[in-house]
Amino acid sequence: MSTETRARRLNPGRPGSSGLDRYFRITERGSTVSREIRGGVVTFFTMAYIIVLNPIILSGVVDGSGNMIGGTTDLAQSKLLVAVGTAVVAGVMSILMGVVANFPIALAAGLGINALIAGMIFTHSGEKITYADLMGLVVIEGIIILVLVLTGFRTAVFRAIPGPLKVAISVGIGLFITFIGFIDAGFARRPSSPGNVPSELGINGSLNGWPTVVFVVGVLLIAVLLIRKVKGAILIGIVTATVLAIVVESIAKIGPRVFDDKGALTNPDSWALTVPSLPASITNTPDLGILGQFSLLGSFQKLGIITAVLFVFSLLLADFFDTMGTIVAIGAEADLLDDEGNPPGTDRILAVDSIAAIAGGAGGVSSNTSYIESAAGVGEGARTGLASIITGVLFLLATFLAPLFAIVPSEAAAPALIIVGYLMMTQVKNIAWDDLEIGIPAFLTIVLMPFTYNITVGIGGGFIAWVVIKIAKGKAGAVHPLLWVVTGLFVIYFAKSPIEALLTG
């Protein structure tokens, strides 16, 4: 804990002048209402892509009932239903996080989990599985996690994680969101032609296209503004890059990325997700028809108990540890962790996150979870739950003002992730790299996250390495009992495919 943070904690006699300030402890945490508002707005803009991306991932695949997600055969309608549902659940849960947990973190549909759901629909189409069936499993997974929170198990596991691994988790997530930023902006991408590398610079090893220019301008602008200590640097960068993108699109008419019948990208120098253009109308009437589309036990009847249980287990571990890594990273960036590396109100944070998993499944839009992009708002100065409430309100407004919020392209929002990734990376100095017992597990935790594009894999790899090294050094007794349990679960997680094949074969 920093001296400044400790001083604020030991000097609660600096209450703010308003009830709002006292409730959220804004002054006590060294923030201001304006910083919280800016931070909440920045977090929203770095997360708003999920309103566009979640429909892309979940819509378009027909389930066993012959319908797309949302119970419709019309792709445009399906995407609209998912977009509105995604924004509503994200808005409500982010507000709940702010009010109940007073922590600067927002929630939305979890990436990876939504892809897992879409993959299950495709893989098990012969069993007549529906989106509602799988959303029921998401609800069950959320209920299990909530029970683990209420019984104290999830919090106990959180506190059992060794301090060095908590730091490594934060650093690894910093690299992970940096990688996300570069990929989303097209600055780095899969090679367009067969080769021996998994990713390359831009297009054929060269930067090309106006969207990339927008991204580069955004990164450099935010960096310069931060160096010059300009308030609102990240938000200014996003807005400026968006305006530039609109101007570029109006002149160059670049358009969206297009794929041919074989799935090959035909115009790699175009906009990745959102074409930045002024909408004909800034308002729309939201359709909430997707909410409540879940079947609690349908999957057990159609998939069988073993397959359904293993699917819930995969969801459980991803939600369980992604959230832990995220709140540690956000808490560290906000300078809110105590001497053991735990954020304030851990129980309440984890409880809200668990409820969000249930809400996401019940809302028909996939499990909702804490978003690491909240670090962008923290980088803008957010330190309390007021920022989360601002983000949540903007998500709810997005259901009515979707055309307005949808104009921000990923190339304009991604620069915030790059800068925040740098800020989180600075914590790497707090790891004792000359101690191999600490350094090797920490290293694996850090590098596995971006290399596998999965936070849970990084955490699991670090845990297993930590335990194995302690055993090799004759220090098995120093491993916390809960760490043994969790490490065993991670071994099962990594081997879930052969285990499923063995049990069902």
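What you see is a predicted model; the values in this text were computed from it and never measured. (Residues numbered from 1 in each chain as written. Predicted model: local features only at pLDDT ≥ 70, side-chain atom pairs only at ≥ 80, totals over all residues. Heavy atoms only, no water.)

A. Structural view of the overall build of the protein chain. Secondary structure assignment for the protein chain yields 22 helices and 4 strands. Relative to the 2.2 N^0.38 estimate, which gives 23 Å for 505 residues, the radius of gyration of the protein chain is 22 Å and therefore close to what a compact globule would have. A principal-axis box enclosing the C-alpha atoms of the protein chain has dimensions of 65 × 60 × 50 Å. Per-residue burial over the protein chain gives 53% buried out of 505 residues. Residue pairs at least 24 apart in sequence account for 78% of intrachain contacts in the protein chain once pairs closer than 6 positions are excluded. By element, 66% of the accessible surface of the protein chain is carried by carbon and sulfur atoms, the whole surface being about 20400 Å². Within the protein chain, one finds 30 positive and 32 negative side-chain charges whose respective centroids are separated by 7 Å. (Helix = DSSP H or I, 4+ residues; strand = E, 2+ residues; numbered from the N terminus. Rg over C-alpha atoms; globule rule 2.2 N^0.38 Å. Buried < 20%, exposed > 50% of the residue type's maximum accessible area, 1.4 Å probe, protein only. Contact = heavy atoms within 4.5 Å. Areas by Shrake-Rupley, 256 points an atom, 1.4 Å probe, with all protein chains shown as cover. Lys, Arg positive; Asp, Glu negative; His and termini not counted. Charge placed at Lys NZ, Arg CZ, Asp CG, Glu CD.)

B. Highlighting the environment of Ile 327. Following the sequence through the fold, Ile 327 ends up in helix 13 (residues 305-333). For Ile 327, a relative accessible area of 0% translates into the label buried. Distance in space between the C-alpha atoms of Ile 327 and Asn 342 is 8.8 Å, their sequence separation being 15 residues.

C. Focus on unusual backbone geometry. Backbone geometry at Lys 229 places phi at a positive 60°, although glycine is not the residue there. Tracing the backbone through its elements, the reader meets Lys 229 in the loop between helix 10 (210-227) and helix 11 (233-252). Taking the relative accessible area as the measure of exposure, Lys 229 reaches 73% and is therefore exposed. Even without a glycine there, the phi angle at Lys 253 is positive, about 50°. When you line up the elements, Lys 253 lands in the loop between helix 11 and helix 12 (298-303).

D. Focus on the packing of helix 13 against helix 22 (residues 496-504). Between helix 13 and helix 22, the least distance of the axes is 10 Å, while the angle of their chain directions is 165°. Judged by the angle between their axes, helix 13 and helix 22 are roughly antiparallel. Where helix 13 crosses over helix 22, the two elements pack in a sense that is right-handed. For the pair helix 13 and helix 22, contact is made by Ile 306, Thr 307, Leu 310 and Ser 314 and by Lys 496, Glu 500, Leu 503 and Thr 504, respectively. When the residues that make up the contact of helix 13 with helix 22 are grouped by side-chain class, the tally is 3 nonpolar, 3 polar and 2 charged. (Axes fitted to C-alpha atoms, helices over the stretch in contact; angles between N-to-C directions. Parallel < 35°, antiparallel > 145°, perpendicular 65-115°, else oblique. Left-handed = near helix turned anticlockwise from the far one by under 90°. Nonpolar A, V, L, I, M, F, W, Y, C, P; charged D, E, K, R; others polar.)

E. Structural view of the packing of helix 20 (residues 455-472) against helix 21 (residues 481-494). Relative to each other, helix 20 and helix 21 sit at 125°, their axes nearing to 9 Å. Classified by the angle between their axes, helix 20 and helix 21 sit oblique to one another. The two elements helix 20 and helix 21 cross, and the hand of that crossing is left-handed. For the pair helix 20 and helix 21, contact is made by Thr 456, Val 457, Ile 459, Gly 460, Gly 461, Phe 463, Ile 464, Trp 466, Val 467 and Ile 471 and by Leu 483, Trp 484, Val 486, Thr 487, Phe 490, Val 491, Tyr 493 and Phe 494, respectively. A class-by-class count of the residues in the contact of helix 20 with helix 21 yields 14 nonpolar, 4 polar and no charged.

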